[in-house]
Amino acid sequence: MRILSAALVNHDTNFCFYDNGKIKYHKLERTKQEKRYVLYPIQRWKKEVENLWNIKIDEIDDIIFQFDPYNMLPNYLKNKISNSDFLQKLDSDVCSYLGVKSAWFIGHHYSHAKSTWMLEDKKSDIQIVIDGLGDGRPWTIYKDDEILDFGDIKKGSIGWGMRDAGKFLGIKAIHQNDIAGKLMGLQSYGNVDYDFLNKLSIYNMDDINTIFDKSLWKNESSYIDWIRTIHFKIGNLLVDFFKKYTNKYDIISYSGGVAQNVVWNTQLKNNFPNIIIPPHSSDEGISLGAIKVLLDYHGITILKINNFPYCQSDIAPPKSPSDKTIDRIVELLSNNKTVGVYFGNGEIGPRALGNRSILMNPKIKNGKNKINDIKNREYYRPFGAVILEKYFDKYFNGFADEYMLYTSEFKNSSDVYDSISHIDNTCRLQICKDGNIKKILEKFNEKTDCPMLLNTSLNLSGKPIAGYPQDAFSLFQSSNLDCVVIGDKIYESKFWIRRI
């Protein structure tokens with residue numbers, strides 16, 4: 001059986017295709033090379049999917065869509081879709097507009113809630129979705145495939161609150177949805193005002209607009225302390241909010257754009273050790289959740305995605321790096337060179353995990369400046385790292401996973417690891433268990449007695465992660481990156497003119 005899921009959302013358009021037992025996935029920004037790419041008008045989805053997987057839509061057995069009817073449909077069709085979160089047959093007029101004979105529709109938040117299936121050893125007890133806005137709501141709680149509770153957008157949204165606070169503080173981004181992530185790094189430069197925090201203690205998830213109300217803050221010369229205190233308050237608020245609906249050891253599926261905040265995720269992990277957060281927690285995970293719903297409807301059981309999370313349907317190089325190539329990468333890194341790597345297929349999610357990464361020796365003094373010069377990023381933003389799993393406890397306290405979703409604190413002074421240490425002595429870490437990145441780390445550790453590397457995404461500020469080999473090569477040519485490795489080929493000269 002062949003089933004297609006199309007998330008034609010307001011940003012981060014993505015598709016998922018079940019093809020007789022195999023799952024394929026693609027986020028369209030990778031091949032379009034436009035950050036947060038949105039497909040509009042949505043009728044263009046058909047051509048994109050057919051070209052992507054070399055299929056004919058008429059050969060698909062069933063299709064499920066997720067989109068915002070009020071933004072993506074013409075006026076005469078907007079009321080043809082009901083308010084229901086759950087699986088519903090699309091009206092024949094909407095199907096005609098989309099170019100299909102029949103199809104299904106599913107709500108935004110419910111798609112988020114169902115998107116963690118490939119990470120669940122057993123079904124989660126409860127699903128919590130918190131984002132900017134989905135289905136007209138800032139958050140929704142699901143249990144036993146029913147809505148347990150939901151928020152009112154008129155009372156505010158954490159996602160929108162962070163975005164607007166970032167704008168107020170002068171943070172700029174190509175797409176406004178990236179502002180909250182940048183603010184997450186900036187807030188660490190402030191100090192918590194505990195008197196102000198105490199004033200905020202009476203407010204909860206129904207008071208988000210009030211919490212972000214700048215008029216409550218009286219010290220206009222120190223808005224960085226304001227956002228630090230607000231950020232601290234929201235972290236505590238989220239813990240209390242989760243406690244309202246869950247027990248400590250419940251298996252909690254947590255998704256939505258707010259679930260990308262690694263500081264808050266770490267607080268939640270401290271209180272709820274069985275929390276499950278996917279690397280695709282933002283809207284790029286919508287098609288994965290929607291397809292799970294339709295698979296369940298057809299009685300099809302699928303538990304994993306092969307090679308997850310390295311399963312973008314982008315362009316993989318023809319060869320993997322040989323031992324000789326790995327040795328050369330390690331030599332370059334040991335000599336304090338910056339190395340871009342493009343291996344296999346790209347990662348699901350916004351963070352590079354070793355297949356689309358820029359790597360660097362984390363011991364380089366002022367190494368952040370070197371990487372910022374390449375990527376043109378803001379000075380205050382931290383860089384993550386990748387570490388061999390068995391060395392994590394030697395260097396860090398806290399949490400780390402394979403997807404860079406938590407922060408960890410250095411056990412000792414982090415001065416020697418200046419390039420990966422944030423101002424608060426923390427680092428966002430990827431635990432490395434296998435793959436080419438593990439081979440590089442093992443040999444780098446043998447050579448330098450350092451089991452970790454700075455790991456940032458293979459892109460420039462405001463651009464998507466590379467989806468074609470040519471994207472990686474172009475980045476190398478147009479920046480101060482020292483070299484790029486594409487599969488088994490190393491490019492160290494800016495004057496290399498061979499077509500990639």
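Higher on the page you've got the structure.
Here the residue numbers are simple positions, counted from 1 along each chain's written sequence. For a predicted model such as this one, the threshold for reporting local features is a pLDDT of at least 70, and the threshold for listing and counting side-chain atom pairs is 80 or more; totals across whole chains, interfaces and linings nevertheless cover every residue. Only hydrogens and water are removed before side-chain values are computed, so all heavy atoms of the structure are retained for them.

Colleague: Sorry, what's going on with the overall build of the chain here?
Modeller: We count a stretch as a helix when DSSP gives it H or I for four or more residues in a row; a strand needs E for two or more, and each element gets its number in order from the N terminus. Each helix and strand counted, the chain has 17 helices and 20 strands in total. In the chain, which comprises 500 residues, the proportion classed as buried is 58%. Considering only intrachain contacts with a sequence separation of at least 6, the fraction spanning at least 24 residues in the chain is 67%. Accessible surface is estimated by sampling points in the Shrake-Rupley manner with a 1.4 Å probe; for residues, cover comes only from the protein chains shown. Of the roughly 20,900 Å² of accessible surface on the chain, 45% is carried by carbon and sulfur atoms. The charged-residue count follows a simple rule in which Lys and Arg add positive charge and Asp and Glu add negative charge, with His and chain termini not counted at all. The atoms used to mark charge sites are NZ of Lys, CZ of Arg, CG of Asp and CD of Glu. Charge separation in the chain, taken as the distance between the mean sites of 65 positive and 61 negative side-chain charges, equals 4 Å. Exposure categories follow from relative accessible area, calculated using a 1.4 Å probe and restricted to protein chains: below 20% of the type maximum is buried, above 50% is exposed, and the middle band is partly exposed. In this description, contact between two residues means that some pair of their heavy atoms is separated by no more than 4.5 Å.

Colleague: I keep staring at helix α11 (residues 262-271) and nothing clicks. Help me out?
Modeller: Working note: α-helix, 3.6 residues per turn, so residues spaced by three or four point in the same direction. Taken residue by residue, α11 has Val262, Trp264, Asn265, Thr266, Leu268 and Lys269 as its buried positions. We call two N or O atoms a polar contact when they sit within 3.5 Å, provided that within protein one can donate a hydrogen and the other can accept it, with sequence-adjacent residues counted only if both atoms are side-chain atoms. A side-chain oxygen of the first residue of α11 lies 3.1 Å from the backbone nitrogen of Val263; this N-cap is Asn261.

Colleague: What am I meant to see in the sheet that holds strand β4 (residues 62-66) here?
Modeller: Each strand in a sheet pairs with another by means of backbone hydrogen bonds, the pair being arranged parallel or else antiparallel. Here a strand pair is declared whenever DSSP counts at least two bridges between the two strands. With mixed pairing, six strands are arranged side by side in an open sheet as β3-β2-β1-β4-β6-β5. A strand with exactly one partner marks an edge of an open sheet, and here the two such strands are β3 (22-27) and β5 (88-89). In the sheet, strand β1 (residues 2-7) pairs with strand β2 (residues 14-19) via six bridges, with the strands oriented antiparallel. Counted as the bridge partner of Ile3 is Tyr18 from β2.

Colleague: Sorry, what's going on with the pattern of salt bridges here?
Modeller: It is possible for side chains bearing opposite charge to pair when their charged atoms get close. Whenever a carboxyl oxygen of Asp or Glu lies within 4 Å of a side-chain nitrogen of Lys or Arg, that contact is scored as a salt bridge. Taken as a whole and assessed by the stated rule, the structure comprises 27 salt bridges. In this structure, Arg2 and Glu59 form a salt bridge, with 3.5 Å as the shortest nitrogen-oxygen distance. One end of the pair, Arg2, is in strand β1; the other, Glu59, is in the loop between α2 (45-53) and β4, with 57 residues separating them in the sequence. Accessibility expressed as a relative area gives 19% for Arg2, which makes it buried. For Glu59, a relative accessible area of 45% gives the class partly exposed. Taking the shortest distance from any N to any O, the salt bridge between Arg137 and Asp135 comes out at 3.8 Å. The class for Asp135 is partly exposed, based on a relative accessible area of 34%. When salt bridges with common partners are traced through the structure, they connect Asp12, Lys27, Glu29, Lys35, Arg36, Asp178 and Glu284 into a single cluster.

Colleague: Could you clarify how one ought to interpret the sheet that holds strand β9 (residues 146-150) in this entry?
Modeller: What the five strands build is an open sheet, ordered β9-β8-β7-β10-β11; its pairing is mixed. Each edge of the open sheet is held by one strand with a lone partner, namely β9 and β11 (275-276). Note that strand β10 (residues 252-255) and β11 share two bridges and pair parallel. Counted as the bridge partner of Ile252 is Ile275 from β11. What counts as an axis is a line fitted to C-alpha atoms, over the stretch in contact for a helix, and the angles between N-to-C directions run from 0 to 180 degrees. Here helix α10 (residues 223-245) sits on the sheet in contact with β7 (126-134), β8 (137-143), β9, β10 and β11, set at roughly 135° to β7.

Colleague: For this particular structure, what's the right way to read the packing of aromatic side chains?
Modeller: Note on aromatic pairs: each is described by the distance of the centres and the angle between the planes. Under the pairing criterion, centres of Phe, Tyr and Trp rings, with the six-membered ring standing for Trp, must be within 6.5 Å; the plane angle then separates stacked pairs below 30 degrees from edge-to-face pairs above 60, leaving the rest tilted. A complete count under the given rule lists 29 aromatic pairs for this structure. Relative to Tyr245, the ring of Phe241 lies with its centre 5.2 Å away and its plane at 70°, an arrangement referred to as edge-to-face. Residue Phe241 and its partner Tyr245 are located together in helix α10, separated by four residues, close to a single helical turn. Over the aromatic face of Phe168 sits the side chain of Lys214, whose NZ or CZ is 4.7 Å from the ring centroid. By the criterion adopted, a ring carries a charge over it if an Arg CZ or a Lys NZ lies within 6 Å of its centre and within 35 degrees of its normal.

Colleague: Explain α2 to me, please; I cannot follow it from the model alone.
Modeller: Every buried residue belonging to α2 is among Trp45, Glu48, Val49 and Trp53, and all of these are buried. Take α2 and look down its axis: the buried residues cluster within an arc of 100°, on one side only. Away from its buried face by more than 90 degrees, α2 exposes Lys47 and Asn51. Of the surrounding secondary structure, the elements contacted by the buried residues of α2 are β1, β2, β3, α1 (29-32), β4 and α4 (92-98). In the stretch just after α2, Asn54 is the one whose phi turns positive, near 55°. Arc, as used here, means the arc of the directions from the helix axis to the C-beta atoms.

Colleague: For this particular structure, what's the right way to read the pairing of strand β13 (residues 356-360)?
Modeller: Consecutive side chains of a regular strand alternate in pointing toward one face of the sheet and then the other. By the criterion of burial, β13 is predominantly enclosed, with five of the five residues buried. Taking every second residue as pointing to the same face, both faces of β13 are buried, with Arg356, Ile358 and Met360 on one and Ser357 and Leu359 on the other. Pairing between strand β12 (residues 339-342) and β13: four bridges, direction antiparallel. Considered in β13, the bridge of Gly340 is made with Ile358. Here β13 pairs with strand β18 (residues 452-457) via four bridges, running antiparallel. Residue pairing in the sheet places Ile358 in a bridge with Thr456 of β18.

Colleague: What is the right way to read the environment of Ile141 from this model?
Modeller: Inspection of the secondary structure puts Ile141 in strand β8. Looking at Ile141, the relative accessible area reads 0%, which means it is buried. Residues Ile141 and Val129 lie twelve residues apart in sequence; the distance between their C-alpha atoms is 6.4 Å. The residues touching Ile141, leaving out its near neighbours within four places in the chain, are Ile126, Gln127, Ile128, Glu146, Ile147, Leu148, Asp149, Phe241 and Tyr245.

Colleague: Explain the environment of Ala352 to me, please; I cannot follow it from the model alone.
Modeller: Assignment of secondary structure puts Ala352 in the loop between β12 and β13. You can call Ala352 buried: its relative accessible area is 3%. Measuring from C-alpha to C-alpha, the distance between Ala352 and Gly384 comes to 9.6 Å, with 32 residues separating the pair along the chain. Aside from chain neighbours lying at most four places away, what touches Ala352 is Glu347, Ser357, Met404, Gln430, Asn455, Thr456, Ser457, Leu458 and Ile465.

From the geometry alone we can't say anything about function, so treat these as descriptive.
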